[in-house]
Amino acid sequence: MPAAGQVAQPRGWAPAHVGQIQLRGIAQVALSASPWTGLFFTVALFAGSWRIGVYGLLGAAASTVAAAVLGADRDGLAKGLEGYCGCLTSIAIVVRLGASWRTAVLAVIAAVVCSVLGAAAGRLLGRIGLPALTAPFCLVAGALAIALPTAPAAAAPPIPTAGATTLSAAELGHAFCNNIGQVFFLDTWYAGLILLLGVLVASRIAAVAAACGSVVAILTACAMGLPADRITEGLYGYNAVLVAIALAATFLTLTPWTAGYATLAAVASVPFTAAWQAFDQPSGGSPFTWPFVVTTWLFLAAAPALDRPGISFEKAK
C-alpha cells in the first residue's frame, strides 16, 4: 500500500538495507513505510504465534525478492510496497493449513504470484488514480481458501439479535484490540496493542485513526445486533481500522470533513464485512480485506464529486 512521505532508496543490497526493506514490507500492511513500525509488527506477529511470525517474514521476503528479480520499480521496493501482500497471504495459508514444508512451499509460490498481480493491479488501477491496496492478497488467498481440500463444511451464518448487542467492559477491551490484531489474523489482545504501538511510532494521526476506526466498528456492530463473540474476536472491525487509516491518515488531507468522511466509510465497512462473511461461508472462503479494499476504492472514487476541504481527488492520487 502506498504510504505518505518519501523513502530514500537503498544504495545497495547490504544486509541493513535488505532488513529495512523487509520490515517496510510488513509495515505497509498498515500503509506505513517505517521500518520501526515493521519491527513492532514483527514482534506482534511472533507474540501471536511463532508460525505467524515466521510465515509473515517468509511471505514478505518471497514477494519482495520475486519483484526485484522481475524488475519492479526500485523506489517501490525500497518503500516495501512489494512485500505486504506476500506477508498477509503466507499468514493466511499457515493459519489455514498449519506449518509444514508443503505449506512453506505453497506460501512462497503464493507470495510470488502476489508480486505479479500487484504489478498488474498497480498498472490498471493507476490509470484511474486508485491504489491497489491489498487486492492481490485477497485474490490469491481467496482462491486458495476455496480451492484447498481442507475447506471447512458449510455452516449457517450467525444470526443478529433482535436488539443492540451488549458487551461487558472486558469484551469491549478485547474487541478494541482484536479489531487491530485481526488485520494480521491475530486474536490475542496484547498483539493488537503492539500493532497499535507500531502504527503510533510512524504517525500519531494514523494511530488515532486506527483507534477511532476500531471504536466505530464496535459501536456499529453492536447497533446492528451482530453476535457478541464475533465482535469480541474482532471479525467485524479489522476492515474499519484499515479504512480509517487509509482515508484519514494516508490518501486524504486531514480536516474535520475528512475525519467525518473516514468515519462514514468505517461505519459502512462493518455491514459490508458481515455480508461478505455470510456470502463466503458456504464455500469455506473468507472476506479477508476485500471490504477494506472496495470501501476505500469507492470513497476515493467519489472524491471528485465532493467539494469539501481535504476531500479531493488530487490528494487521493
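Quantities reported herein were computed from a predicted structural model and do not represent experimental measurements.

Caption draft 1: Geometry of the overall build of the chain. Along the backbone of the chain there are 15 helices and zero strands. Counting only residues that meet the buried cut, the chain has 52% of its 317 residues in that class. Across the chain, every contact between residues at least 6 apart in sequence was considered, and the portion connecting residues at least 24 apart equals 74%. As presented, the chain carries roughly 13,500 Å² of accessible surface, and 69% of it is formed by carbon and sulfur atoms.

Caption draft 2: Representation of helix H7 (residues 135–147). For H7, which comprises 13 residues, the first-to-last C-alpha distance of 18 Å matches the rise-based estimate of 18 Å (1.5 Å per residue) to within 8%. Every buried residue of H7 is accounted for by Ala135, Pro136, Phe137, Cys138, Val140, Ala141, Gly142, Leu144 and Ala145. The elements touched by buried residues of H7 are helix H5 (84–97), helix H6 (101–126) and helix H14 (290–301).

Caption draft 3: Region of interest: a nonpolar patch on the surface. Together, Trp36, Leu39, Val43 and Val201 give the surface a local cluster of nonpolar side chains, amounting to about 380 Å² of exposed area. Counting residues per element, the nonpolar patch draws most heavily on helix H2 (residues 35–48), which supplies three residues. Relative to the helices and strands, Val43 is located in helix H2. For Val43, a relative accessible area of 44% puts it in the partly exposed group.

Caption draft 4: Region of the structure containing the UniProt feature "transmembrane region" (unreviewed entry) in the chain. When the UniProt feature table is mapped onto this chain numbering, "transmembrane region" (unreviewed entry) sits at residues 26–46, 52–72, 105–125, 137–159, 179–201, 208–228, 234–252 and 288–306. Overall, residues 26–46 shows 67% helix and 0% strand. The separation of its end C-alpha atoms is 13 Å. Along residues 288–306 the backbone is 63% helical and 0% strand, and the end-to-end C-alpha distance reaches 29 Å.

Caption draft 5: Representation of the pattern of salt bridges within the structure. Inspection of every chain in the model, using the stated rule, returns one salt bridge. A salt bridge links Asp75 to Lys79, with the shortest nitrogen-to-oxygen separation between them at 3.3 Å.

Caption draft 6: Structural view of the packing of aromatic side chains. A full pass over the atoms with the stated rule returns eight aromatic pairs. Judged by centre distance (6.1 Å) and plane angle (10°), the rings of Trp276 and Trp290 are stacked. Taken as a pair, Trp276 in helix H13 (residues 256–280) and Trp290 in helix H14 lie far apart in primary sequence, 14 residues in all. With respect to burial, Trp276 and Trp290 carry one shared label: buried.

Caption draft 7: How the structure looks around the packing of helix H8 (residues 169–181) against helix H10 (residues 204–223). Taken N-terminus to C-terminus, the directions of H8 and H10 make an angle of 125°; their axes are 9 Å apart at the nearest point. Here H8 lies oblique to H10, going by the angle between them. The interaxial crossing formed by H8 with H10 has right-handed handedness. Counted together, Leu172, Ala175, Phe176 and Asn179 of H8 and Ala211, Ser214, Val215, Ala217 and Ile218 of H10 form the full contact between these two elements. Among the residues forming the contact of H8 with H10, the class breakdown is seven nonpolar, two polar and no charged.

Thresholds applied
Residues numbered from 1 in each chain as written. Predicted model: local features only at pLDDT ≥ 70, side-chain atom pairs only at ≥ 80, totals over all residues. Heavy atoms only, no water. Helix = DSSP H or I, 4+ residues; strand = E, 2+ residues; numbered from the N terminus. Buried < 20%, exposed > 50% of the residue type's maximum accessible area, 1.4 Å probe, protein only. Contact = heavy atoms within 4.5 Å. Areas by Shrake-Rupley, 256 points an atom, 1.4 Å probe, with all protein chains shown as cover. Expected span 1.5 Å × (residues − 1). Patch = residues over 30% accessible without salt bridge, like charges linked within 9 Å, V, L, I, M, F, W, Y side chains within 5 Å. Salt bridge = Lys/Arg side-chain N within 4 Å of Asp/Glu carboxyl O. UniProt positions renumbered as here; feature names shortened; annotations may be inferred. Phe/Tyr/Trp six-rings, centres within 6.5 Å; stacked < 30°, edge-to-face > 60°. Axes fitted to C-alpha atoms, helices over the stretch in contact; angles between N-to-C directions. Parallel < 35°, antiparallel > 145°, perpendicular 65-115°, else oblique. Left-handed = near helix turned anticlockwise from the far one by under 90°. Nonpolar A, V, L, I, M, F, W, Y, C, P; charged D, E, K, R; others polar.

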